[in-house]
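Results of the structural survey
Given next are the chains, with one letter for each unit.
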Amino acid sequence: MKKYFHFEEYGTNYRTEFIAGLTTFLAMAYILFVNPATLALVGVEELPEGVTRMDQEAVFAATAIAAAVGSLIMGILAKYPIVLAPGMGLNAFFSYTVILGYGIPWETALAGVLASGFIFIILTLTGLRERIINAIPGNLKLAVGAGIGLFIAFIGLQNAGIVVGNDATLLALGDLTSPTVLLAIFGLIISIILLTVGVKAGIFFGMILTAIGGMLFGLIAVPSGISGVVSGVPSMAPTFGQAFLHFGDIFTLEMLVVILTFLFVDFFDTAGTLVAVATQAGLMKDNKLPRAGKALFSDSAATVVGATMGTSTTTSYVESTAGVGVGGRTGFTAVVAGGFFLLSLFFSPLLSVVTAEVTAPALIIVGVLMSSALKGIDWDKFEIAVPAFLTILAMPLTYSIATGIAIGFIFYPVTMLLKGRAKEIHPIMYVLFVIFVLYFIFLS
């Protein structure tokens, strides 16, 4: 084992790698509860006609298994200390845009995730994935990341009741004296304090303390006995294989845009995370990522597994830097984290105490972290600022990540052409321009 993971080469050992794996798991364990709540649209009372709600326990199991399998593949095959799980932003797009906005059944949405996973594998094996990533301008990549951050934070504020609907102004401040709103605010403050003082798993511990506070004040039902905390592995029957059964439903223009969005967001989410974690761990060689193909394949395979089980796109997590920060340098870190995700399968009863108010602070904090991409955008150039700004603004205001991407990708070639910078526009951007224009025409 030591020889396979090159412990001596990287100056590490079993103890260090184990602690690193546990640290990374705790830093991202919040996804076990946030993802089921997001995909099941907890807090949303009315669903579009003909659309049903996903089973929370089945999604919980799918989340844990997708994270475990993805992390194990990454650790064993690519040998990187990078842990995977269903991605934040992608799960919000899946639920709030595809299901709630477009009225597409979750079964068909899962089929779209599965299709994107297969396309990822093909693009990875042929080497095209890296070329496509390079075709999209860096400023738009950053804008998409920041826009998703604002969108996720907006959902969190809504779920917390801090922001509510208003007939006169569309939005308004909620009732800050409401006990459930106060609980969410308490959770937000606790999470901010923990992360500010450097607690790696601040989001996860913030959720725990918020849930405890809710139980102490009678806002959340207290689990009864051991069975309220630990149980057998939940059944995945409600979601397992639905992506394959509904694969024939994805051949529409609307689903084409959905699949393109899954592809686009995961493209840059994964690429950015791989580079960030590898750089921190000192694994980059000549400014290149060794075994990049295997790492990208791990991400693609995890998406296929996750869609089959019943969850949205699985991707690499930047929280992996928490494990690297305490010494994780090899794939054994990812293997350890994957083992903890498998162990978590027995704790599904805790879903009952993770209400919308408990998950809302996590969404807001993740939004803050993702919005850091704003600093890298070249705001001084108007031809860049316009498509970037419209991408970011449109996501929360239209309640759609896809719409934000579409608007930005339509304006980018237009402003660049008008500025006389046509040579800087990759041909792929013109193709995307046409696709998104057609998208708006048919959507209307």
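Description of the structure in this document. Sequence order as written defines the numbering, with residues in each chain counted from 1. Only residues with pLDDT of at least 70 get local features here, since the model is predicted, and only at 80 or more are side-chain atom pairs given and counted; chain-wide, interface and lining totals rely on the full set of residues. Note that water and hydrogens are dropped before the side-chain values are worked out from all heavy atoms of the structure.

All right, on to the overall build of the protein chain then. To qualify as a helix, a DSSP run of H or I must reach at least 4 residues; to qualify as a strand, a run of E must reach at least 2; elements of each kind are numbered from the N terminus. Tallying secondary structure elements over the protein chain gives 19 helices and 4 strands in all. C-alpha atoms define the radius of gyration in this analysis, and the globule rule sets the expected value at 2.2 Å times the number of residues to the power 0.38. In terms of overall dimensions, the protein chain is globule-like: its C-alpha atoms have a radius of gyration of 21 Å, near the 22 Å expected for 444 residues. Over its C-alpha atoms, taken along the principal directions, the protein chain stretches across nearly 65 × 65 × 45 Å. In the protein chain, which comprises 444 residues, the share counted as buried stands at 57%. Across the protein chain, contacts joining residues at least 24 apart in sequence account for 81% of those joining residues at least 6 apart. Computed with the Shrake-Rupley method and a 1.4 Å probe, the accessible areas treat only the protein chains shown as cover for residues. Approximately 18200 Å² of the protein chain is accessible, and the part contributed by carbon and sulfur atoms is 68%. Only four residue types enter the tally: Lys and Arg on the positive side, Asp and Glu on the negative side; His and the chain ends are excluded. For this purpose, a charge sits on NZ of Lys, CZ of Arg, CG of Asp or CD of Glu. Averaged over its 19 positive side-chain charges, the protein chain has a centre that lies 18 Å from the centre of its 24 negative ones. Only protein chains enter the calculation, and the probe is 1.4 Å; a residue is then buried if its accessible area is under 20% of its type maximum, exposed if over 50%, and partly exposed in between. In what follows, residue pairs with any heavy atoms lying within 4.5 Å of each other are defined as contacts.

On to the pairing of strand 3 (residues 170-173). A pair of strands is treated as paired once DSSP finds two or more bridges between them. In this sheet, strand 3 lies alongside strand 2 (residues 163-166) in antiparallel orientation, the contact comprising 4 bridges. Each residue of the ladder has a partner; that of valine 163, found in strand 3, is leucine 173. Connecting strand 2 to the next strand, strand 3, in antiparallel fashion are 3 residues.

A few words now on a nonpolar patch on the surface. Side chains of Phe186, Phe205, Ile208, Leu209, Ile212, Leu216, Phe217 and Leu219 sit close together on the surface and give an oily, nonpolar patch of about 760 Å² of accessible area. Looking at the nonpolar patch, the element that brings in the most residues is helix 10 (residues 202-216), giving 5 residues. Mapped onto the elements of the fold, phenylalanine 186 is located in helix 9 (residues 179-196). Patch definition: residues with relative accessible area over 30% and no salt bridge; like charges joined within 9 Å; nonpolar side chains (Val, Leu, Ile, Met, Phe, Trp, Tyr) joined within 5 Å. Counted as salt bridges are all cases of a side-chain nitrogen of Lys or Arg within 4 Å of a carboxyl oxygen of Asp or Glu.

Note on placement: phenylalanine 411 falls in helix 18 (residues 401-418). What phenylalanine 411 contacts, discounting residues up to four positions off in sequence, is Val386, Pro387 and Leu390.

The subject of this paragraph is the packing of helix 10 against helix 16 (residues 356-370). To obtain an axis, a line is fitted to C-alpha atoms, over the contacting stretch when the element is a helix, and the angle between two such axes runs from 0 to 180 degrees between their N-to-C directions. At their nearest, the axes of helix 10 and helix 16 sit 8 Å apart, and the two run at 155° to each other. Looking at the two axes, helix 10 sits roughly antiparallel to helix 16. Note on packing geometry: the crossing formed by helix 10 with helix 16 is right-handed. On helix 16, the residues touching Ile203, Met207, Thr210 and Ala211 of helix 10 are Glu357, Val358, Thr359, Ala362, Ile365, Val366 and Leu369. When its residues are assigned to classes, the contact of helix 10 with helix 16 shows 8 nonpolar, 2 polar and 1 charged. These descriptions rest on fixed angle ranges, namely under 35 degrees for roughly parallel, over 145 for roughly antiparallel, 65 to 115 for roughly perpendicular, and the rest for oblique. By convention the crossing between two helices is left-handed if the near helix lies anticlockwise of the far one by an angle smaller than a right angle, and right-handed if it lies clockwise. Basically, the charged four are Asp, Glu, Lys and Arg, the nonpolar ten are Ala, Val, Leu, Ile, Met, Phe, Trp, Tyr, Cys and Pro, and anything else, Gly included, counts as polar.

Put simply, a nonpolar core is a bunch of buried Ala, Val, Leu, Ile, Met, Phe, Trp, Tyr and Cys residues held in one set by side-chain atoms that sit within 4.5 Å of each other. Counting residues in hydrophobic clusters, the biggest one holds 113 residues, and the most contacted among them are Tyr30, Met88, Phe94, Phe341, Ile405, Phe409 and Phe436. The element contributing the most residues to this core is helix 6 (residues 106-126), with 10 residues. With sequence-adjacent residues up to four places away left out, tyrosine 30 is seen in contact with Met88, Ile203, Phe204, Met207, Tyr317, Glu319 and Val366. Counting 15 residues, the second-largest nonpolar core is a separate cluster that includes Met74, Leu283, Leu296 and Ala302.

Our focus in this paragraph is the environment of threonine 169. Mapped onto the fold, threonine 169 is located in the loop between strand 2 and strand 3. Among the polar contacts listed, one links the side chain of threonine 169 to the backbone oxygen of leucine 171, at a separation of 2.7 Å. What qualifies as a polar contact is a pair of N or O atoms within 3.5 Å, subject to a donor-acceptor requirement within protein and to the restriction that residues adjacent in sequence count only when both atoms come from side chains.

Another point: the pattern of salt bridges. Within the structure shown, the criterion is met by 3 salt bridges. Where glutamate 383 meets arginine 421, a salt bridge forms, and the shortest distance between an N and an O atom there is 2.6 Å. Of the two residues, glutamate 383 sits in helix 17 (residues 382-398) while arginine 421 sits in the loop between helix 18 and helix 19 (427-443), which places them 38 residues apart along the sequence. You can call glutamate 383 buried: its relative accessible area is 7%.

This paragraph deals with the side chain of serine 71. Within the secondary structure, serine 71 is located in helix 4 (residues 56-78). Polar side-chain contacts of serine 71 include one of 3.1 Å to the backbone nitrogen of leucine 84. Those residues in contact with serine 71 that sit more than four places away from it in its chain are Val83, Leu84, Ala334, Val335 and Gly338.

Right, let's get into the packing of helix 3 (residues 31-39) against helix 4. Between helix 3 and helix 4, whose axes approach to 9 Å, the crossing angle comes to 135°. As far as their axial angle goes, helix 4 and helix 3 are oblique. You can see that helix 3 and helix 4 cross each other, and the crossing is right-handed. Facing helix 3, whose interface residues are Ile31, Leu32, Phe33, Asn35, Pro36, Ala37 and Leu39, helix 4 presents Gln56, Val59, Phe60, Thr63 and Ala64. The residue inventory of the contact of helix 3 with helix 4, partitioned by class, reads 9 nonpolar, 3 polar and no charged.

These values are about where atoms sit, not about what they do.
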